[in-house]
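Chain by chain, the residues:
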Amino acid sequence: MIISKQKDMEEILNFLKGGKSFFLLGCSECAALCGTGDDKALNEMEEKLAKSGKKTIGKFVAKIGCQVLGTKIELKPFKEAIDEADAILVMSCGAGTQAMVEVYPDKEVYSLNDTLFLGNMTRFRQFDERCSLCGECILDKTGGICPVTLCPKGLLNGPCGGTNNGKCEVSPDLECAWVRIYERLKRIGQLDKMKEILEPKDYSKHFKPSALKAKKDEKK
Amino acid sequence: MKNFREVLESGEFTITAECGPPKGTDIKEMLEHARHLLGKIHGINVTDNQSAVMRIASLPVCRLLHEMGHDPILQMTCRDRNRLALQSDLLGAYILGIRNVLCMTGDHVSAGDHKSAKTVYDIESVQLLRVVDGLNHGKDMAGNDLKGPTKLFPGAVVTPESNPIEPQLIKFEKKIKAGARFFQTQAIYDIPKFRKFMKVARNFDVKILAGILLLKNAGMANYLNKFVPGITVPESLIEELKAAGKEEALDKGIDIAARQIRELKDDKVCDGVHIMAIGLENKVPIIMEKAGLL
């Protein structure tokens, strides 16, 4: 899922300076799991805004905020409030915010969250990055552990000199991804894979902005 | 006079030292240190924003040392440049007379003085070795023909005291496969342990220069043990430094370095040593003299 974190109120109030009334939009997917876009987060934001004299004239948690057409339909009953609001404040990820810009091209839209990474919830509300969306997955060669993401240098061919008793030179709280990969490959009898030199990554596969259109016959 | 590569390939015990460019344009002291080493060592490494601290670039300093009469070893890390910049710098190094390149991944920016910098790591040490091999064969990374190849002598680094050692050895082998012809190791202090590493290394047609880092005092040894991955100073050496007292600690450090170099040379453990004195390059000739190398 996409991990997001709410911005500081100071920063939020700074870019909302000119406005008085707002429409809050959350998302029931990733942002809800992160606690940055569920009902509770929206209610708390309403209170915080009220303390600064800002009015919330409508709020809604979209089912999937990045699904542009679905969210547009979901928001139809809120047309009046949205029209009246000085801005839509989106409490999901950067994609959710930009979905609103597409749906309401004439409206001010602001994101109240910082979008951080793609990761797993490893414990309740603890999130750990797992995938860098590089467009060229090598997990088959690394025992299912991603060095592109889990090694701060994104090394593809084994640990650097900074590996330290299984920990990373960047932080003692980080495990060395390549020691983990080594141990995992050994455990599953695939250590030979570590001896293969992996080619430099093809960053043209990570071209921005990326787009993918599903083939017609794959549509259901 | 033979250059670094010729000395190393002739089987002669090879000595390299290190030059760390300063932060700023005053290079008087650096050049003085380098001049002091002229004619005594076979090659001189020039570090590349070592520890991710911004300094003068390695390449222009290599050129200055080349003009002085040294055979420089260009340290090249992948932290600050993408594949275009790395390759164009390698071509540039070659036309400036630089013939040796030490291919490294590079310390992470979090260790340095520009912590908010964007790390590059477009490629890494093993892949960079392959790039050098390609340029030597007249091809760039994209497979394009070069108008004139390089003839660079590619080297790499290895940490013989890395724990666990197995992943490090796998990478060592990959670096050889990728074209590394010589290795300069991370600092070693535990000679019996290093001998074990050399048993493995001797299975390959590659030259090994042991990293000798001058101990200035017991405090430095403790710091290395605590904060520098892959370096272990044995307790017995720390005791020696302590026993020497504050005033004499550096002399003791010099003695230890000289003693270890002598042992490595006399027992033909490895092919040479890379002496790192970090700011005390003027002590390198003294170490060499005590080790019987001058």
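What you see is a predicted model, and the numbers here were worked out from it, not measured in a lab.

A.B. asks: Can you walk me through the overall build of chain A in this structure?
C.D. replies: Along its length, chain A carries 9 helices and 7 strands. Relative to the compact-globule value of 17 Å for 220 residues, chain A shows a C-alpha radius of gyration of 22 Å, a clear excess of over 25%. For chain A, the spread of C-alpha atoms along the three principal axes comes to 65 × 45 × 25 Å. Of all 220 residues assigned to chain A, the portion counted as buried reaches 40%. Of the contacts formed within chain A by residues at least 6 apart in sequence, a portion of 59% connects residues at least 24 apart. With an accessible surface of roughly 12,800 Å², chain A has 52% of that area assigned to carbon and sulfur atoms.

A.B. asks: Before we go on, may I ask you to explain the environment of A:Met9 in this structure?
C.D. replies: Residues and elements named next belong to chain A. Structurally, Met9 is set in helix H1 (residues 9–15). Once the C-alpha coordinates of Met9 and Lys48 are considered, the two residues, 39 residues apart in sequence, prove to be 8.2 Å apart. Once residues lying within four places of it in the same chain are set aside, the contact partners of Met9 are Met45, Lys48 and Leu49.

A.B. asks: Please clarify how the layout of surface pockets should be interpreted in this entry.
C.D. replies: Here the idea is plain: a probe the size of a water molecule rolls over the atoms and shows the empty space left. The volume enclosed by the second largest pocket comes to roughly 860 Å³. In terms of lining residues, the second largest pocket is bounded by 29 residues, among which A:Ser132, A:Cys134, A:Val148, A:Tyr203 and A:His206 are the most central.

A.B. asks: In this structure, what is going on with the domain arrangement of chain A? I would like to understand it.
C.D. replies: Buried accessible area, meaning the area lost when the parts come together, often serves as the stated size of an interface. One can read the domain layout of chain A as domain 1 (2–116) and domain 2 (134–198). Measuring from the centre of the C-alpha atoms in domain 1 of chain A to the corresponding centre in domain 2 of chain A gives 39 Å.

A.B. asks: What am I meant to see in the pairing of strand E2 (residues 21–27) of chain A here?
C.D. replies: Successive residues of a regular strand alternate their side chains across the two faces of the sheet. Residue and element names in this part refer to chain A. Where burial is concerned, most of E2 is hidden: 7 out of the 7 residues are buried. Both faces of E2 are covered, namely the face carrying Ser21, Phe23, Leu25 and Cys27 and the face carrying Phe22, Leu24 and Gly26. Taken together, the 7 bridges between E2 and strand E3 (residues 55–62) define a ladder with parallel strand orientation. The residue bridging Cys27 from the neighbouring strand is Ala62, located in E3. Here 4 bridges tie E2 to strand E4 (residues 87–90), and the two strands are oriented parallel to one another. Bridged to Phe22 within E4 is Ala87.

A.B. asks: Help me out: how do you make sense of the nonpolar core in this one?
C.D. replies: The nonpolar side chains of a soluble globular protein tend to be buried with one another. Residues and elements named next belong to chain B. One finds Phe194, Ile208 and Leu264 to be the most contacted residues of the largest nonpolar core, which totals 67 residues. Non-local contacts of Leu264, meaning those with residues more than four positions away in its chain, are made with Phe13, Ile188, Ile191, Phe194, Ala210, Ile212, Val269, Cys270 and Val273. Judged by nonpolar contacts, the second largest core, of 15 residues, contains Leu215, Ala221, Leu224 and Ile238.

A.B. asks: What should I look at first to understand the sheet that holds strand E1 (residues 14–19) of chain B in this one?
C.D. replies: By way of backbone hydrogen bonds, the strands of a sheet pair with one another, either parallel or antiparallel. All names here are of chain B. Overall, parallel pairing links the 8 strands, which are arranged E1-E2-E3-E4-E5-E6-E7-E8 in a closed barrel. With direction set aside, neighbouring strand axes in the sheet form an average angle of 30°. The pairing of strand E4 (residues 100–104) with strand E5 (residues 153–158) spans 4 bridges and is classified as parallel. By the bridge assignment, Asn100 is partnered in E5 with Phe153. Of the strands in this sheet, strand E3 (72–77), E4 and E5 are in contact with helix H5 (residues 125–136), which crosses E4 at around 150°. Its contacts with the sheet put helix H9 (residues 235–266) on strand E7 (207–213) and strand E8 (272–276), and the angle it makes with E7 is roughly 165°.

A.B. asks: Looking at this structure, how should I read the packing of aromatic side chains?
C.D. replies: Aromatic ring pairs are described here by two measures, namely the spacing of the ring centres and the angle between the planes. Residue and element names in this part refer to chain B. Tallying each qualifying case throughout the model produces 11 aromatic pairs over all chains. Seen in terms of ring centroids, Phe172 and Phe204 are 5.9 Å apart; in terms of plane orientation they differ by 85°. Their pairing is edge-to-face. In this pair, Phe172 sits in helix H6 (residues 165–177) while Phe204 sits in the loop between helix H7 (191–201) and E7, placing the two residues 32 residues apart along the sequence. Classification of Phe172 as buried rests on a relative accessible area of 1%.

A.B. asks: Help me understand a negative patch on the surface, please; the structure alone is not making it clear to me.
C.D. replies: Residues and elements named next belong to chain A. Taken together, the side chains of Glu80, Glu84, Asp86 and Glu108 present a region of like negative charge at the surface. Examined against the element boundaries, Asp86 turns out to sit in the loop between helix H5 (79–84) and E4. Assessed through its relative accessible area of 35%, Asp86 is described here as partly exposed.

A.B. asks: Looking at this model, I keep getting lost on the pairing of E1(B). Mind explaining?
C.D. replies: Residue and element names in this part refer to chain B. Extensive coverage of E1 is indicated by the burial of 6 of its 6 residues. Judged by which residues are buried, E1 turns out to be covered on both faces: Thr14, Thr16 and Glu18 on one side and Ile15, Ala17 and Cys19 on the other are all buried. Alignment of E1 against E8, held across 4 bridges, turns out to be parallel. Note that in E8 the partner of Thr14 across the bridge is Gly272. Of the pairings in the sheet, the one linking E1 to strand E2 (residues 43–46) comprises 4 bridges and is parallel in character. Bridged to Thr16 within E2 is Gly43. At this point the chain moves from E1, through helix H2 (residues 28–37), to the parallel E2, and the crossover so formed is right-handed.

A.B. asks: Before we go on, may I ask you to explain empty space enclosed by the protein in this structure?
C.D. replies: In this structure the tally under the stated criterion is 4 cavities of 30 Å³ or more. When its volume is computed, the largest cavity comes out at roughly 120 Å³. Lining the largest cavity are 15 residues, with A:Cys151, A:Pro152, A:Cys160, A:Cys168 and A:Cys176 sitting closest to its centre. Residue composition of the lining of the largest cavity, grouped by class: 10 nonpolar, 2 polar and 3 charged. In this model, the second largest cavity occupies a volume close to 50 Å³. Lining the second largest cavity are B:Met1, B:Gly39, B:Ile41, B:His42, B:Gly69, B:His70 and B:Asp71. Looking at the lining of the second largest cavity, its residues break down into 2 nonpolar, 4 polar and 1 charged.

A.B. asks: What should I look at first to understand helix H6 (residues 94–103) of chain A in this one?
C.D. replies: Structural remark: α-helix, 3.6 residues per turn; residues separated by three or four positions point the same way. Residues and elements named next belong to chain A. Taken together, the buried positions of H6 are Gly96, Thr97, Ala99, Met100 and Val103. Buried residues of H6, viewed axially, fall in a sector of 155°; they line one side. What points out from H6, more than 90 degrees from its buried face, is the exposed set Gln98 and Glu102. For H6, the elements touching its buried residues are E2, helix H4 (68–74), E4 and strand E5 (108–111).

Cut-off values and rules
- Residues numbered from 1 in each chain as written.
- Chains lettered and ligands numbered in written order.
- Predicted model: local features only at pLDDT ≥ 70, side-chain atom pairs only at ≥ 80, totals over all residues.
- Heavy atoms only, no water.
- Helix = DSSP H or I, 4+ residues; strand = E, 2+ residues; numbered from the N terminus.
- Rg over C-alpha atoms; globule rule 2.2 N^0.38 Å.
- Buried < 20%, exposed > 50% of the residue type's maximum accessible area, 1.4 Å probe, protein only.
- Contact = heavy atoms within 4.5 Å.
- Areas by Shrake-Rupley, 256 points an atom, 1.4 Å probe, with all protein chains shown as cover.
- 1 Å grid on protein atoms, 1.4 Å probe; cavity = no way out; pocket = protein on both sides within 12 Å on 5 of 7 lines; lining within 4 Å.
- Points joined across faces, edges and corners; volume = space filled by probe spheres on them.
- Domains from an automatic or database assignment.
- Pairing = 2+ DSSP bridges.
- Core = buried A, V, L, I, M, F, W, Y, C linked by side-chain atoms within 4.5 Å.
- Axes fitted to C-alpha atoms, helices over the stretch in contact; angles between N-to-C directions.
- Phe/Tyr/Trp six-rings, centres within 6.5 Å; stacked < 30°, edge-to-face > 60°.
- Patch = residues over 30% accessible without salt bridge, like charges linked within 9 Å, V, L, I, M, F, W, Y side chains within 5 Å.
- Salt bridge = Lys/Arg side-chain N within 4 Å of Asp/Glu carboxyl O.
- Lys, Arg positive; Asp, Glu negative; His and termini not counted.
- Charge placed at Lys NZ, Arg CZ, Asp CG, Glu CD.
- Right-handed = clockwise from strand over helix to strand, strands pointing away.
- Nonpolar A, V, L, I, M, F, W, Y, C, P; charged D, E, K, R; others polar.
- Arc of directions from axis to C-beta.

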